[in-house]
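Understanding the architecture of this molecule
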Amino acid sequence: LEMFHFLKTPHENFDENLSFRKKLKTVTALYLAEIVSTFLIVFPLLYLVDEIYHIRYTNDLARLDIYVLILLAVFAVPFLEEAFFRYPLKYRNNPLMRFLDLFSKENIFKKFWLKNYRFFFYASAIIFGLVHITNYENRFTLLLALFTPFIILSQLASGFIMGYLRVRLGFL
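Residues numbered from 1 in each chain as written. Predicted model: local features only at pLDDT ≥ 70, side-chain atom pairs only at ≥ 80, totals over all residues. Heavy atoms only, no water.

A tally of helices and strands in the chain yields eight helices and zero strands. Secondary structure elements of the chain, listed N to C terminal, follow the sequence α-α-α-α-α-α-α-α. Principal-axis analysis of the C-alpha atoms places the extent of the chain at approximately 55 × 40 × 35 Å. The proportion of buried residues among the 172 residues of the chain is 33%. Accessible area for the chain stands at about 11800 Å²; split by element, carbon and sulfur atoms hold 69% of it. If the 19 positive side-chain charges of the chain are averaged to one point and the 14 negative ones to another, these points end up 9 Å apart. (Helix = DSSP H or I, 4+ residues; strand = E, 2+ residues; numbered from the N terminus. Buried < 20%, exposed > 50% of the residue type's maximum accessible area, 1.4 Å probe, protein only. Areas by Shrake-Rupley, 256 points an atom, 1.4 Å probe, with all protein chains shown as cover. Lys, Arg positive; Asp, Glu negative; His and termini not counted. Charge placed at Lys NZ, Arg CZ, Asp CG, Glu CD.)

Put into structure tokens, the structure is as follows:
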């Protein structure tokens, strides 16, 4: 799969423009792969972690009106996540790097961005996953730190997949 080659060496430039049909096929294939892997890998791992550590989910959302919850879950939160974690994955959409280049000669920060793109891409996906540990109420312990990668595995995978889709397809 093209995505795995991309994940080995992320870059923000693709030569080929894809048709809408190819984009739809890519999104559908990755979405289905994520669903299947969630059921076959993530849920069993979460079950095992919960048996050992007893994960407690936050109840904050339970207090919300159903319409507010739908509005947040379907529109507001995905939009904010996209805007914060994935929109800036292209230099032209990254206000911080572009602002810094206003004060530099020869686009130093653009060169830095392109040279270190792998770091920025990985950091975006990993931070996206780590932010989701706040969905749990467990007190921070060494055991929680050890289990965190398993607890947020689904969000980590989503961060990488949606980051790839954003960079490759230019939407989401």
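Resuming the write-up.
This part takes up the side chain of S124. You can see S124 is positioned in helix α6 (residues 117–131). On the basis of relative accessible area, S124 is assigned to the buried category, the value being 13%. A distance of 2.5 Å separates a polar atom in the side chain of S124 from the backbone oxygen of F85. The contacts of S124, once residues within four sequence positions are left out, are F85 and L89. (Polar contact = N/O pair within 3.5 Å; in protein donor to acceptor, adjacent residues only side chain to side chain. Contact = heavy atoms within 4.5 Å.)

Okay, the packing of helix α3 (residues 66–86) against α6 next. Look at α3 against α6: their axes get within 10 Å of each other, and the N-to-C directions meet at 140°. In terms of their interaxial angle, α3 and α6 are classed as oblique. Where α3 abuts α6, its residues E81, F85 and R86 lie against S124, I127, F128 and V131. Class assignment of the residues belonging to the contact of α3 with α6 gives a composition of four nonpolar, one polar and two charged. (Axes fitted to C-alpha atoms, helices over the stretch in contact; angles between N-to-C directions. Parallel < 35°, antiparallel > 145°, perpendicular 65-115°, else oblique. Nonpolar A, V, L, I, M, F, W, Y, C, P; charged D, E, K, R; others polar.)

Here the focus is helix α8 (residues 153–169). A rise of 1.5 Å per residue sets the reference length of α8, with its 17 residues, at 24 Å; its end C-alpha atoms lie 24 Å apart and thus fit the reference within 8%. Counting buried positions along α8 yields 12 of 17 residues, so the element is predominantly enclosed. Tucked inside the fold, the buried residues of α8 contact α1 (2–8), α2 (20–53), α3, α6 and α7 (142–151). (Expected span 1.5 Å × (residues − 1).)

Unlike most non-glycine residues, H54 shows phi in positive territory, near 60°. Looking at H54, the relative accessible area reads 52%, which means it is exposed. The residue N107 is not glycine, and still its phi comes out positive at about 50°. With respect to the helices and strands, the residue N107 is situated in the loop between α4 (95–101) and α5 (108–115).

Take the packing of aromatic side chains next. In total, this model carries 16 aromatic pairs according to the counting rule given. Between W113 and Y117, the ring centres sit 5.6 Å apart and the planes meet at 75°, which makes this aromatic pair edge-to-face. Assigned by exposure class, W113 and Y117 land together as buried. With 6.4 Å between their ring centres and 35° between their planes, Y117 and F121 make a pair best called tilted. (Phe/Tyr/Trp six-rings, centres within 6.5 Å; stacked < 30°, edge-to-face > 60°.)

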